[in-house]
Amino acid sequence: MIVVTAPTGQIGRQVLDILMDADAPVRVIARDPARLPARVRENAEVIQGSHSDKDVLAKALTNADSVFWLLPPDLTTPNVEDYFRDFTRPFCEALTETGVARVVAVSTLGRGVAQNAGQISASLAMDEMIKATGVRYRALDLPGFMENMLRNVPSLKVTGVFASPVTPDRKQPTVATRDIAAVAARLLLDPTWEGQEGVPVLGPEDLSADDMARVMTEVLGRPIRFQQISFEEQKATMTGHGRSEAAAQGLIDMVRAIDRDGIYHARPRTPEAGSPTSFRQWCEDVLKPAFEKSAFEK
Ligand SMILES: NC(=O)c1ccc[n+]([C@@H]2O[C@H](COP(=O)([O-])OP(=O)(O)OC[C@H]3O[C@@H](n4cnc5c(N)ncnc54)[C@H](OP(=O)(O)O)[C@@H]3O)[C@@H](O)[C@H]2O)c1
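Keep in mind the model is a prediction, meaning the values are calculated, not measured.

Time to look at the overall build of the protein chain. If you tally the helices and strands in the protein chain, you get 11 helices and 12 strands. For 298 residues, the compact-globule estimate of 2.2 N^0.38 gives 19 Å, and the protein chain sits close to it at 19 Å. Taken along the three principal axes of its C-alpha coordinates, the protein chain extends 55 × 40 × 40 Å. The 298 residues of the protein chain split such that 37% are buried.

Here is the structure:
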């Protein structure tokens, strides 16, 4: 039995699709089962509740072989580290009590090098808590998701500009969530691996914000430009959109660690870490339809 947390999220629902296509026995934990697709409600076991709840986890993990673990983002938390720690603790207790064999978790690049890196540091601390239970573990070591660009659709549509504090020509890896889901599902369906390791999933190439603007210009058929803004401006925008001070500061610390400290490049890229979906392909398949559907106009 494979347990899937966050089954309605952008990665979780794609993991679930692959597992169900493979006819694997699946159990999901969902706060609102009505948000699950009909085929999941009909063919998977559904445990209602949050995967931060010890009783829900005790029920969901009983007689399970492996778990897909994803800690949901909380944009309003008063303390990022506490949020990650408090969310992970009941899971670790349930792992120890139920004796689940394997966990595959969504994590981040930066292990061993990130310092004061906001949500990245908190996610790496989550890995250590899970590893301390002794479970066989694969942390998916991820860069920023291509899907993050979807947040910019309104401004791309109205002004043709997307903005952030990153250095315009500094290249970074970026990954499509479909590639993350494919690696997660492969590991969940494989009952042979042992030990505890990080598995980088990096997309096929590193790209700068300027590179992305060029690709989007070609795919969307209109001029797109990147604008670098200060950390202060970025933080004010985020808190203006309802993020807590702590969540916004965490994201600023994260960007600083990625862009200025170069934590994504601490280890050289290997061929096995590359994943197939290019940013151009992702723009054709995901960004362009979202852009064309968006109600925002010039
Ligand atoms: N974005 C990036 O660039 C990046 C990079 C590296 C790592 N990550 C990590 O990737 C993860 C985000 O993945 P994603 O984009 O697939 O997530 P997502 O689409 O935001 O999905 C979040 C899921 O969590 C559920 N959820 C939200 N709050 C919950 C709560 N309090 N209790 C239980 N379930 C809750 C949601 O379900 P309902 O609302 O339906 O209940 C949904 O299924 C985070 O752990 C983040 O740290 C992100």
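On to the environment of Glu284. Topologically, Glu284 is positioned in helix α11 (residues 279–293). Classification of Glu284 as partly exposed rests on a count of 14 C-beta atoms within 10 Å. For the pair formed by Glu284 and Val67, sequence separation is 217 residues and the distance between their alpha carbons is 32 Å.

This part covers the environment of Ala290. Considering the arrangement of structural elements, one finds Ala290 in helix α11. Dropping the residues within four chain positions of it, Ala290 is found in contact with Leu150 and Val153.

What follows concerns the sheet that holds strand β3 (residues 45–48). Strand order in the open sheet formed by seven strands is β3-β2-β1-β4-β5-β6-β10, and the pairing between neighbours is parallel. Two strands close off the open sheet at either side, each with one partner strand: β3 and β10 (196–200). If you compare each strand with its neighbour and ignore which way they point, the axes differ by 20 degrees on average. With four bridges joining them, strand β2 (residues 26–30) and β3 adopt parallel strand pairing. The residue of β3 that forms the bridge with Arg27 is Glu45. Contacts from helix α7 (residues 177–188) reach β1 (2–4), β4 (66–69), β5 (102–106), β6 (136–141) and β10 within the one sheet, and its direction differs from that of β6 by about 170 degrees.

What counts and how
- Residues numbered from 1 in each chain as written.
- Predicted model: local features only at pLDDT ≥ 70, side-chain atom pairs only at ≥ 80, totals over all residues.
- Helix = DSSP H or I, 4+ residues; strand = E, 2+ residues; numbered from the N terminus.
- Rg over C-alpha atoms; globule rule 2.2 N^0.38 Å.
- Buried ≥ 20, exposed ≤ 12 C-beta atoms within 10 Å, placed from the backbone.
- Contact = placed C-beta atoms within 7 Å.
- Pairing = 2+ DSSP bridges.
- Axes fitted to C-alpha atoms, helices over the stretch in contact; angles between N-to-C directions.

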